[in-house]
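Survey of secondary and tertiary structure
Spelled out from the first residue to the last, the chains are:
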Amino acid sequence: MSNPTIAAPQGPAPADGSPAGRAPAGGRSGRSSRNGGAGDRTPRAPRRRGLERRNRPLWMLLPGGILMLVIIVVPLIVAVVMSTLDLDQYTLQSWLQAPFLGFGNYVEAVTASPLLRSIGISVSFAVIAAVVTLPIGLSAALATQNRFRGRALVRSLFLIPYVLPAFVVGTLWRTMLQPGGVVDSMLGAVGAHPGLWLNGPLSYWSLIIVQLWTSWPFFYLLVVAGLQSVDPEVHEAAAIDGATWWIKLRYVILPYLRGSILLALIIAFLHNINAFTLPFVLFGIPAPQDVDVLPVLTYTTSFQSFRFGLSAAMAICSLVLIAIPLFVYLRAVRLDSGEEAQR
């Protein structure tokens with residue numbers, strides 16, 4: 001005896017003759033096919049609105065661009081124009097009608113002024129101050145790396161020379177370096193009598209010593225920040241392997257600090273080569289020839305000799321000098337990473 005087969009209930013057949021539950025060819029339903037495919041079209045946003053969304057970051061950069069144009073580009077153009085004119089105290093009031101010299105001021109600055117000597121003094125001063133402060137800041141950062149009682153107080157005391165204004169630092173050291181001052185008294189107690197600190201050959205080294213005192217905490221800050229990126233497991237692995245402090249410093253810590261040290265060197269060089277307040281307050285005007293750095297020379301040429309066109313040419317030369325390490329600095333921080341990604 002055969003079992004009766006129970007048929008499943010079937011619904012009404014589709015109107016277009018296609019099997020139930022299956023969409024016709026092309027993925028369109030019967031209704032959409034009857035409507036001529038109008039139901040599958042997605043409304044698109046207007047093209048203008050899409051462009052506005054894509055260009056929105058450019059509008060956000062507009063205030064900063066206008067500010068840079070007013071503060072940087074416009075004064076730079078004015079300085080370039082001034083460097084081509086014969087500007088002095090007589091022609092300054094109507095400087096647009098001043099005699100045009102072209103590159104005459106640049107030729108005079110290189111051949112008939114102490115510009116090259118000032119560039120040498122500024123570069124040597126900036127390099128020595130940056131290189132010598134590096135081990136000082138590195139040693140201080142390594143000494144305060146581990147936790148100990150009073151570490152916060154020690155770190156705060158380390159930052160005092162850096163946070164003091166340059167005018168205060170210059171006035172303080174000018175008082176200490178006077179003949180018969182604190183420095184001479186301390187050296188005289190041990191039988192040393194070096195001579196004048198603020199005039200003569202020792203003035204150059206006085207400027208370097210004061211700059212070392214006021215700028216080494218900058219290296220200390222950047223090295224401390226770099227030490228925070230060292231993984232504690234690396235220190236533990238080095239301790240398990242029995243590495244000495246020198247091996248640990250050379251092969252474990254310094255590779256992590258390479259970027260911070262390079263950045264600190266470049267920034268310190270730029271800061272030192274632009275130093276004006278410290279030598280101005282420390283030695284006064286006119287400054288000794290051994291400390292006649294480029295910013296001070298530009299200032300005296302402009303506001304004592306009233307050769308405004310010549311001083312503008314000196315300022316442009318200093319800008320070219322600064323642009324070289326500045327380009328290295330921009331490459332170091334990878335500000336052009338977007339352009340490299342596009343390439």
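Right, let's walk through the structure included here. Keep in mind it's a predicted model, so treat the numbers as computed, not measured.

**What to know about the overall build of the protein**
- Tallying secondary structure elements over the protein gives 17 helices and zero strands in all.
- Across the 343 residues of the protein, 32% fall into the buried class.
- Sequence separation of at least 24 residues holds for 68% of the intrachain contacts in the protein that already meet a minimum separation of 6.
- Roughly 22500 Å² of accessible area belongs to the protein as shown, and the carbon and sulfur atoms make up 65% of that amount.

**Description of the nonpolar core**
- If you look at the biggest cluster of nonpolar residues, it comprises 22 residues, and the most contacted ones within it are Leu177, Leu207, Val210, Leu282 and Phe283.
- Elements that contribute at least two residues to this core include exactly α6 (115-143), α9 (166-176), α11 (202-227) and α14 (277-283).
- The element contributing the most residues to this core is α11, with five residues.
- When neighbours within four sequence positions are excluded, Leu282 is seen to be in contact with Gly170, Trp173, Arg174, Leu198, Leu207 and Val210.

**Section: the side chain of Asp292**
- With respect to the helices, strands and loops of the structure, Asp292 is situated in the loop between α14 and α15 (294-303).
- In this structure Asp292 comes out as buried when scored by relative accessible area, which is 11%.
- When sequence neighbours within four positions are dropped, the list of residues in contact with Asp292 reads Arg117, Ser118, Ile121 and Leu297.

**Structural notes on helix α13 (residues 245-273)**
- Its 29 residues give α13 an end-to-end C-alpha distance of only 35 Å, which falls more than 12% under 42 Å, the value for a rise of 1.5 Å per residue.
- Its axis deflected by about 55° at Leu254, α13 carries its strongest bend there, up to four residues before the proline Pro255.
- Turning to α13, its buried residues are Leu249, Val252, Ile253, Leu257, Ile261, Ala264, Ile266, Ala268, Phe269, Leu270, Asn272 and Ile273.

**Description of the pattern of salt bridges**
- Evaluation of the coordinates by the stated rule reveals two salt bridges.
- In this structure, Glu108 engages Arg307 in a salt bridge whose closest nitrogen and oxygen atoms are separated by 3.0 Å. With Glu108 in helix α5 (residues 104-111) and Arg307 in the loop between α15 and α16 (308-332), the pair connects residues that are 199 residues apart, well separated along the chain.

**A word on α11**
- For α11, which comprises 26 residues, the first-to-last C-alpha distance of 37 Å matches the rise-based estimate of 38 Å (1.5 Å per residue) to within 8%.
- Along α11, the sharpest change in direction is near 35° and occurs at Thr214; proline Pro217 comes one to four residues later.

**A closer look at the packing of aromatic side chains**
- A complete count under the given rule lists 15 aromatic pairs for this structure.
- Between Phe158 and Trp216 the ring centres are 5.4 Å apart and the planes differ by 70°, which places this aromatic pair in the edge-to-face class. With Phe158 in helix α7 (residues 151-158) and Trp216 in helix α11, this pair connects stretches of sequence that are 58 residues apart.
- The class for Phe158 is partly exposed, based on a relative accessible area of 23%.
- The rings of Phe276, Phe280, Tyr299, Phe303, Phe306 and Phe308 are connected pair by pair, giving a single aromatic cluster.

**Points about unusual backbone geometry**
- Of the consecutive residues Ile285 and Pro286, the connecting peptide bond is found in the cis state with omega at 0°.
- Mapping Pro286 onto the fold places it in the loop between α14 and α15.
- Residues other than glycine seldom take positive phi values, yet Phe306 does so here, at roughly 55°.
- As for its placement among the helices and strands, Phe306 is situated in the loop between α15 and α16.

**Regarding the environment of Leu115**
- Positionally, Leu115 belongs in helix α6.
- Separated by 199 residues in sequence, Leu115 and Met314 have C-alpha atoms that sit 7.3 Å apart.
- Leu115 has contacts with Ala109, Val110, Leu294, Leu297, Met314 and Cys317, leaving out every residue within four places of it along the chain.

**A few points about the packing of α6 against α15**
- Two numbers describe how α6 lies on α15: the axes approach to 8 Å, and their chain directions differ by 145°. Contacts between α6 and α15 involve Leu115, Ser118, Ile119 and Ser122 on the former and, on the latter, Leu294, Pro295 and Leu297.
- Along the lines of polarity and charge, the residues of the contact of α6 with α15 split into five nonpolar, two polar and no charged.

**Overview of the side chain of Thr214**
- For Thr214, the position within the fold is in helix α11.
- Those residues in contact with Thr214 that lie beyond four places of it in its chain are Pro161, Tyr162 and Val169.

The rules we used
Residues numbered from 1 in each chain as written. Predicted model: local features only at pLDDT ≥ 70, side-chain atom pairs only at ≥ 80, totals over all residues. Heavy atoms only, no water. Helix = DSSP H or I, 4+ residues; strand = E, 2+ residues; numbered from the N terminus. Buried < 20%, exposed > 50% of the residue type's maximum accessible area, 1.4 Å probe, protein only. Contact = heavy atoms within 4.5 Å. Areas by Shrake-Rupley, 256 points an atom, 1.4 Å probe, with all protein chains shown as cover. Core = buried A, V, L, I, M, F, W, Y, C linked by side-chain atoms within 4.5 Å. Expected span 1.5 Å × (residues − 1). Bend = angle between axes of the 7 residues up to and from the residue. Salt bridge = Lys/Arg side-chain N within 4 Å of Asp/Glu carboxyl O. Phe/Tyr/Trp six-rings, centres within 6.5 Å; stacked < 30°, edge-to-face > 60°. Axes fitted to C-alpha atoms, helices over the stretch in contact; angles between N-to-C directions. Nonpolar A, V, L, I, M, F, W, Y, C, P; charged D, E, K, R; others polar.

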